[in-house]
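# Structural overview
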Amino acid sequence: MTTEFASRLTMDSPEWYTPTMFADSARIVMGGIDLDPASHPEANARLKIPTIYTVEDDGLHQRWNGRVFVNPPGGLVGQFWLKVLAEYHAGHAQQIMWIGYSLEQLQTLQNCGGSFTPLDYPICVTAKRIAFVENIAKRNQRLAKLKMQGKTPNAKSSPTHSNYITYLGPNLKEFHKEFSQYGRVNGIR
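This write-up is about the structure you can find in this document. Residue positions are given per chain, counted from 1 along the sequence in the order it is written. Thresholds applied to this predicted model are a pLDDT of at least 70 for local features of residues and 80 or more for the giving and counting of side-chain atom pairs; totals over whole chains, interfaces and linings are not thresholded and use all residues. Side-chain numbers here rest on the full set of heavy atoms in the structure, without hydrogens or water.

Glancing now at the overall build of the protein. A run of H or I in DSSP becomes a helix once it reaches four residues, and a run of E becomes a strand once it reaches two; helices and strands are each numbered from the N terminus. Scanning the protein from N- to C-terminus turns up six helices and nine strands. Only protein chains enter the calculation, and the probe is 1.4 Å; a residue is then buried if its accessible area is under 20% of its type maximum, exposed if over 50%, and partly exposed in between. Expressed as a percentage of its 189 residues, the buried residues of the protein come to 46%. Here, residues are in contact when the closest pair of their heavy atoms is within 4.5 Å. The contacts in the protein between residues at least 6 apart in sequence include a share of 75% that link residues at least 24 apart. Summed over its atoms, the accessible surface of the protein is roughly 9900 Å², and 52% of this surface lies on carbon and sulfur atoms. Surface exposure here means Shrake-Rupley accessible area, sampled with a 1.4 Å probe, where a residue is shielded only by the protein chains that are shown.

Next comes the structure, spelled out in C-alpha cells:
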C-alpha cells in the first residue's frame with residue numbers, strides 16, 4: 001500500500017489525485033459515483049469508481065453518463081469545464097462534482113467560452129488547501145531531480161493554492177450539509 005504524499009503542487013505533471021475523503025463526500029451527495037472522466041489507475045485504486053477514462057481513453061471525446069466526479073487535468077481545465085456544461089445540460093450526466101485546483105482557475109473559466117462558470121452553481125470554497133495526492137512515479141522523478149541538484153526535498157511542504165468544489169445537480173441540501181465540513185458553501189437558496 002502506498003502512502004499519500006502531500007507535497008507542494010507543481011505544474012510538472014497534471015497527475016495529482018483527489019484525496020479519498022472528497023470522493024466519499026461526493027458519493028454521499030450524489031448517491032454514488034458512476035464515472036471519473038479524467039482519471040488514472042493509481043488514483044482509482046483508492047477512489048474505486050466503477051468507470052474511469054484515462055488519458056488514453058480521452059474523456060473529452062467520450063459521453064459522460066450518470067453521476068460524474070471530475071478533477072480536471074492541468075492544461076485542459078477549460079476544455080473539461082465546457083464538457084461538464086455540455087454533458088450536464090444535455091442530460092447525459094445527471095449530477096457532476098467538480099474539484100477545482102485553485103481559485104485562480106475560476107478566473108480562467110470566466111473566459112473559456114462557456115455560458116456558465118463554477119460560480120453559477122453551488123460552490124464550496126475550502127477552508128484549508130486540499131493536499132492532492134501526487135502520482136508515485138512523478139513524485140519519484142521529482143525527488144530524484146531535486147537530489148541531483150543537491151537539494152533536500154521538504155516532505156512537510158503544503159499545497160500552494162486555495163481550492164473549491166462545485167456541484168451540478170438537484171441534491172442541494174445534501175451538498176450544503178456534506179461539504180460544509182470542508183469550508184463555506186454558497187449558491188444554495
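Read on, since the account is not over.
Buried within helix H1 (residues 20–30) we find Phe22, Ala23, Ser25, Ala26, Val29 and Met30. Looking down the long axis of H1, one finds its buried residues gathered within 160° of arc, a one-sided arrangement. Lining the buried residues of H1 we find helix H2 (41–47), strand E4 (66–70), strand E5 (93–100), strand E8 (164–168) and helix H6 (172–179). Residue glycine 31 follows H1 closely and has a positive phi angle near 80°. The arc in question is formed by the directions pointing from the helix axis toward the C-beta atoms.

Quick look at the pairing of E8 now. The buried count for E8 comes to five of five residues, which makes it a mostly enclosed element. Side chains Tyr164, Thr166 and Leu168 project from E8 onto one buried face, and the interleaved Ile165 and Tyr167 project onto a second face that is buried too. Pairing between strands requires that DSSP locate at least two bridges from one strand to the other. Bridge count for E5 against E8 is five bridges, and the pairing is antiparallel. Within the sheet, the bridge partner assigned to tryptophan 98 lies in E8 and is threonine 166.

Moving on: H6. Turning to H6, its buried residues number three or more, namely Phe175, Glu178 and Phe179. Along the long axis of H6, the arc covered by the buried residues comes to 80°, so they all point the same way. Residues of H6 that are exposed and angled more than 90 degrees away from the buried face: Lys173 and Lys177. The inward-facing, buried residues of H6 abut H1, E5, strand E6 (123–126), E8 and strand E9 (183–186).

Time to look at the packing of aromatic side chains. Stacked, tilted and edge-to-face are the three classes assigned to paired rings of Phe, Tyr and Trp, where Trp is represented by its six-membered ring and a pair needs centres within 6.5 Å; plane angles under 30 degrees give stacked, over 60 edge-to-face, the rest tilted. Following the criterion strictly, the structure yields nine aromatic pairs and no others. Consider the rings of tryptophan 81 and tyrosine 121, whose centres lie 6.2 Å apart with planes at 65°: the pair is edge-to-face. Here tyrosine 121 lies in the loop between helix H4 (103–109) and E6 and tryptophan 81 lies in helix H3 (residues 77–89), a separation of 40 residues in the sequence. Owing to a relative accessible area of 0%, tryptophan 81 belongs among the buried residues under this scheme. Through pairs of rings, three or more aromatic residues link up here, namely Phe22, Tyr167, Phe175, Phe179 and Tyr182.

Below, the discussion takes up the environment of threonine 108. Looking at where threonine 108 falls in the secondary structure, it is placed in helix H4. Along the backbone, threonine 108 and valine 77 are 31 residues apart, and their C-alpha atoms lie at a distance of 8.6 Å.

Looking at the element boundaries, phenylalanine 179 is found in helix H6. Remark: the alpha-carbon pair of phenylalanine 179 and threonine 126, spanning 53 residues in sequence, is separated by 8.7 Å. Among residues more than four places away in sequence, those in contact with phenylalanine 179 are Phe22, Ser25, Ala26, Val29, Met97, Cys124, Ile165 and Val185.

The next subject is the pattern of salt bridges. Here, a salt bridge means any side-chain nitrogen of Lys or Arg that lies within 4 Å of a carboxyl oxygen of Asp or Glu. Tallying each qualifying case throughout the model produces three salt bridges. The shortest N-O distance in the salt bridge between aspartate 24 and arginine 27 comes to 3.3 Å. Taken together, the residues aspartate 24 and arginine 27, both in helix H1 and three residues apart, mark about one turn of the helix. According to the relative accessible area criterion, aspartate 24 is partly exposed, its value standing at 37%. Of the residues examined, arginine 27 reaches a relative accessible area of 23% and is grouped as partly exposed. Measuring nitrogen to oxygen at the nearest pair gives 2.8 Å for the salt bridge that ties glutamate 87 to lysine 83. With glutamate 87 and lysine 83 both in helix H3 and four residues apart, this pair spans about one turn of that helix. You'll find glutamate 87 and lysine 83 in the same group, each marked buried.

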